[in-house]
Amino acid sequence: MARGKVTKKAVESTISGITSHQQLIGKIKLVAGFLLVSFALYLLLAFISFLFSGGDDQSLFNVKTGDFVFKPSIQAHNWAGKGGALLADIFINRWFGLASFIFIFLFGILGLRIWGRKPVPLLKSFAISFFLILWVSITIGYFFISSYEDSFIYLGGMYGFYLSNWMISFFGSIGTFIVLALLLFGFLIFTGHRITAWFNNMLSSAKHIVESEGVIEPEEVDPEVVPDGEEDKAVSKVIDENGSIVTEFDPDQKDPLIENPEDIDFETELGKKEDLMPLGPVDIMIEGKVPHEEVLDQNIPPYNPRLDLSGYKFPTLDLMDDHHSESADVTNEELISNKNKIVETLRNYKIEITKIKATIGPTVTLYEIVPAPGVRIAKIKNLEDDIALSLSALGIRIIAPIPGLGTIGIEVPNRHPEIVSMRSVIASRKFQEMKADLPIALGKTISNETFTIDLAKMPHILVAGATGQGKSVGLNAIITSLLYKKHPSELKFVMIDPKKVELSLYAALEKHFLAKLPDEDEPIITDIHRVKATLNSINMEMDQRYDLLKKALARNIKEYNKKFIERKLNPEKGHRFLPYIVVVIDEFADLIMTAGKEIEMPIARIAQLARAVGIHMIIATQRPSTNIITGVIKANFPTRVAFKVASMVDSRTILDTPGANQLIGKGDMLISYGSNLTRVQCAFVDTPEVEQICNFISSQRGYDEAFLLPEYNEETGNGESSASSSDVRDELFDEAARLIVRGQTGSTSAIQRKFSIGYNRAGRIMDQLEEEGIVGPPDGSKARQVLIHDEYSLEKLLNNN
């Protein structure tokens, strides 16, 4: 009897345990399904946003991982935040391109499957999806291979790029097209009927989920156990109250002959589309408000910014010389000798290689080696000095491994380096056909290809290197590229040259390409005391441009200028065509040593914000130390150009990696942008050539004066003297006074954050508060003392004044 009771209790306990265990599993499934579906929606938001804002977020991926994750000051433009930007870049750029959208579908159906919903067969869905991911990625990589150079987004992803390249090399271009077509044809033959049933099951399951009263009861058939070819038989049955099978029609269902009314050809069915639309623009008035975009006059042609200088002629190629060296060819004897010495040196250390290939560049030859299985890469990397000794070379650079190739590269300087002339680079088809907002040709790569970049996408460049290694020539190459491609109405330079001689030749372009302060006599800023005023004036220009973009509902300068050209913006309301502004600063170290934070802060603000409004910076320095190239500068200058430096420490300061210390000088440089590090021989443009180009441009009719930046009052702007600050009290003065008294903290940055204004304006408000006796004088880096302790006294003071 006792045993029976114990057995009964044990059974009840077991049943209770099983029930609670099942409940726990049910809860876990509910949470897991919710997480997967939410993750799919999150990816969808991130991917869609990446198509529009991915270019603005490329600089984030150069930030250190700890800073990227934990620093809230680092913000992403992606709607899904930094995590969404990173995931979108991984899935789209690094993996499968636009085909990555299929992953969203996979995560979604997996989440529904965990919930117990079976909209489609799971295994078939995954098999079909993975085939489509690979096929779409390769096909897009095949057709849009040029986008990998000119766009931030890799439409086919890196896998599509490399696989399509491999197929082209193996089958040829036409053969690859045939193979892709055959794969698609075979896929459709074997899976066409299954895909049809796939969608039928999905629609059937969706209808079952949405239906409310249970009038419609689909036949419970597991999609995965339906025999092949029988999927169409798994249909929904409609049962009435008496249990009879009846047929019902959904009154909201579209006519099967017209699945989508929008697909009707209006030209054949209803006449031309123009007959159904108003002939002119319609002005819509909502509560007396005029739309932001308005066509001022239907008959006025689009605005042409080049009409003011319609007779302007672009510089010609005959203004530059072809610096060609007769003895610059690399002989077969040199190639064979270097190859044998590399193989011999590696064998001395018991390192065998299976293949070696040479790519001849203008100044450096790249030897690609494939080591034997089992050889550690680090072992070859450590032999850098030994290989340089055996080759009697100035210095070699080992790339282990070469990204994307699976080989190890050894860059060996040529005995007779070739001079890359700026003329050959400008005349190249790649540069001439380049479609970019600010095209720049820097030189030639190791494979003798013209290296071009778009400054508008960079968006700022840091140039650094030891004295005499080519920085000035590099700056001239950048400026010359822009002069050959841009009209004076589309581009303006602000040139700052503390040395007073490097950029002086460009003073002749004052009435064509230069911008300056209204009261500035010299078009090239050489006085260090005027640099601060110029940089703050550029900040004011940036703020004004953002106000214009806000009024025009445009996200960047390209959209704004397009609307202005189409005459959708009214000049009487302050709108104007915005040219790009490129700020060129030579000898940045001298400015930092002289002015310090007063120079660094406005530069950092321009670098952080000015990209969208078309203001870009190029700064150069011959002193690559951490107190000059600070963390603030490095974080906002993702594109960095390093010429030869003296030590590995300097190379790491510039590029965050060694390598610049192993360059051979005379224009040999490394350029880092995104995650790429490319070795380029900078194009050589001599001083007489620059002078001829400037004389050619200056001899033509220009504007009446240089492009004028906003006027900047240096005395009130930097807070040194505020004699005139009380003449016109700031409109935010009263609110700022209440904020300071309420918080009892005299902080300029608090005013700046609260009212979303610039630092200069917040400083002027603080000076006015000091004049009225509300706060005390500045006390170093500490907050100012608040002299009024209650709001009643403050209101009394404000009313009296």
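Rules behind the numbers
- Sequence order sets the numbering: in each chain, residues are counted from 1 along the sequence as written.
- For this predicted model, a pLDDT threshold of at least 70 governs which residues receive local features, and a threshold of 80 or more governs which side-chain atom pairs are given and counted, while totals over whole chains, interfaces and linings are taken from all residues.
- With hydrogens and water set aside, each side-chain value is computed from the structure's full complement of heavy atoms.
- Helix and strand assignments follow DSSP, with helices taken as H or I runs no shorter than four residues and strands as E runs no shorter than two, numbered in order from the N terminus.
- Burial status follows relative accessibility: with a 1.4 Å probe on protein chains alone, a residue under 20% of its type maximum counts as buried, one over 50% as exposed, and anything between as partly exposed.
- Each accessible area value is a Shrake-Rupley result obtained with a 1.4 Å probe; residue values ignore everything except the protein chains displayed when judging cover.
- Here a cavity denotes a set of grid points, spaced 1 Å apart and computed over the protein atoms alone, in which a 1.4 Å probe fits but from which it cannot get out, and a pocket denotes an open set meeting protein on both sides within 12 Å along at least five of seven lines; residues with an atom within 4 Å of a point are reported as lining.
- Grid points are joined across faces, edges and corners, and a volume is the space filled by probe spheres set on the points.
- Residues are grouped as follows: nonpolar covers Ala, Val, Leu, Ile, Met, Phe, Trp, Tyr, Cys and Pro; charged covers Asp, Glu, Lys and Arg; every other residue, Gly included, is treated as polar.
- Between any two strands, at least two bridges found by DSSP are needed for them to pair.
- Lines fitted to C-alpha atoms define the axes, with helix axes restricted to the stretch in contact, and inter-axis angles between N-to-C directions lie between 0 and 180 degrees.
- Given a helix with a known number of residues, its expected span is that number minus one, times 1.5 Å.
- By definition, residues are in contact when any of their heavy atoms lie within 4.5 Å.
- A side-chain nitrogen of Lys or Arg and a carboxyl oxygen of Asp or Glu constitute a salt bridge if their distance falls within 4 Å.
- Nonpolar cores are built from buried Ala, Val, Leu, Ile, Met, Phe, Trp, Tyr and Cys residues. Side-chain atoms within 4.5 Å join them into one set.

Chemist: Report on the overall build of the chain, specifying residues and quantitative values.
Modeler: If you tally the helices and strands in the chain, you get 27 helices and 18 strands. Looking at the chain residue by residue over its 801 residues, the buried ones come to 43%. Here the chain displays about 43,300 Å² of accessible surface, and carbon together with sulfur accounts for 56% of that area.

Chemist: Describe in detail empty space enclosed by the protein, supporting the description with residues and values.
Modeler: Counted under the stated rule, the structure contains 2 cavities of 30 Å³ or more. One number sums up the size of the second largest cavity: a volume of about 40 Å³. Along its surface, the second largest cavity is lined by G361, P362, T363, V364, K444, T445, I446, D668, R679, V680 and Q681. At the level of elements, β8 (439-445) and β17 (676-682) are the ones that each hand at least two residues to the lining of the second largest cavity. Sort the elements by how many residues they give to the lining of the second largest cavity and β17 lands first, with 3 residues. A class-by-class count of the residues in the lining of the second largest cavity yields 4 nonpolar, 4 polar and 3 charged.

Chemist: Explain the sheet that holds strand β9 (residues 450-454) residue by residue, including any values.
Modeler: Pairing within the open sheet is mixed, and its 9 strands lie in the order β9-β8-β17-β16-β15-β10-β14-β13-β11. The open sheet has two free edges, formed respectively by β9 and β11 (491-496), since each of these has just one partner strand. Neighbouring strand axes in the sheet, compared pairwise and without regard to direction, differ in orientation by 25° on average. In this sheet, strand β14 (residues 615-621) lies alongside strand β13 (residues 580-585) in parallel orientation, the contact comprising 5 bridges. Within the sheet, the bridge partner assigned to I585 lies in β14 and is I619.

Chemist: Kindly report on helix α19 (residues 597-609), identifying the contributing residues and their values.
Modeler: Along an α-helix, residues three or four apart share an orientation, since each turn contains 3.6 residues. For α19, spanning 13 residues, the distance from its first C-alpha to its last is 18 Å, which sits close to the expected 18 Å at 1.5 Å a residue. Every buried residue of α19 is listed here: I599, E600, P602, I603, A604, I606 and A607. In this structure, the buried side of α19 is in contact with α16 (528-552), β13, α18 (588-595), β14 and α20 (631-636).

Chemist: Quick one: what's the story with the pattern of salt bridges, residue by residue and with numbers?
Modeler: Inspection of every chain in the model, using the stated rule, returns 28 salt bridges. A salt bridge links R545 to E541; the nearest nitrogen and oxygen atoms lie 2.8 Å apart. Residue R545 and its partner E541 are both found in helix α16; the two are separated by 4 residues, about one turn of the helix. With respect to burial, R545 and E541 carry one shared label: buried. We note a salt bridge from R738 to E795, for which the minimum N-O separation is 2.7 Å. Placement of R738 in helix α24 (residues 733-743) and of E795 in helix α27 (residues 791-800) is noted, with a sequence separation of 57 residues between them. For E795, a relative accessible area of 26% puts it in the partly exposed group.

Chemist: Give a detailed account of the sheet that holds strand β4 (residues 353-360), specifying residues and quantitative values.
Modeler: The strand order across the open sheet formed by 4 strands is β4-β5-β7-β6, and the pairing between neighbours is antiparallel. Each edge of the open sheet carries a strand with a single partner, namely β4 and β6 (397-399). Recorded for the sheet is a direction-independent mean angle of 20° between the axes of neighbouring strands. Summarising the sheet, strand β5 (residues 364-371) and strand β7 (residues 408-413) pair through 6 bridges and their orientation is antiparallel. Bridge assignment links V364 to a residue of β7, and that residue is P413. The sheet strands contacting helix α10 (residues 332-348) are β4, β5 and β7, and the helix crosses β5 at an angle near 40°.

Chemist: Please set out the pairing of β9 residue by residue, giving values where relevant.
Modeler: Burial analysis of β9 places 5 of its 5 residues in the buried class, the great majority of the element. By the alternation rule, side chains of β9 split into T450, T452 and D454 and F451 and I453, which are all buried. Bridge count between β8 and β9: 5 bridges; the pairing is antiparallel. Counterpart to I440 in the pairing with β9 is I453. With antiparallel pairing between neighbouring strands as the criterion, β8 and β9 make up a hairpin whose turn holds 4 residues, including N448 at a positive phi of roughly 65°.

Chemist: Any details on the nonpolar core? Residues and values, ideally.
Modeler: F493, Y506 and I585 are the most contacted members of the largest nonpolar core, which totals 106 residues. If you tally residues by element for this core, the top one is α16, at 8 residues.

Chemist: Which residues make up unusual backbone geometry, and what values do they have?
Modeler: Look at the link from M458 to P459: it is a cis peptide, with omega at -5°. With a phi close to 75°, K500 is a non-glycine residue in the positive phi region. Tracing the backbone through its elements, the reader meets K500 in the loop between β11 and β12 (515-516). Positive phi, close to 55°, is recorded for L553, a residue that is not glycine. Mapping L553 onto the fold places it in the loop between α16 and α17 (557-565).

Chemist: So what about the pairing of strand β10 (residues 461-464)? Which residues, and what values?
Modeler: Of the two faces of β10, the one carrying I461 and V463 and the one carrying L462 and A464 are both buried. Bridge count for β10 against β14 is 4 bridges, and the pairing is parallel. Note that in β14 the partner of V463 across the bridge is A620. Two elements, β10 and strand β15 (residues 639-643), share 4 bridges in a ladder whose sense is parallel. In the strand pairing of β15, V463 is matched with V641.

Purely spatial values, then, with no claim about function.
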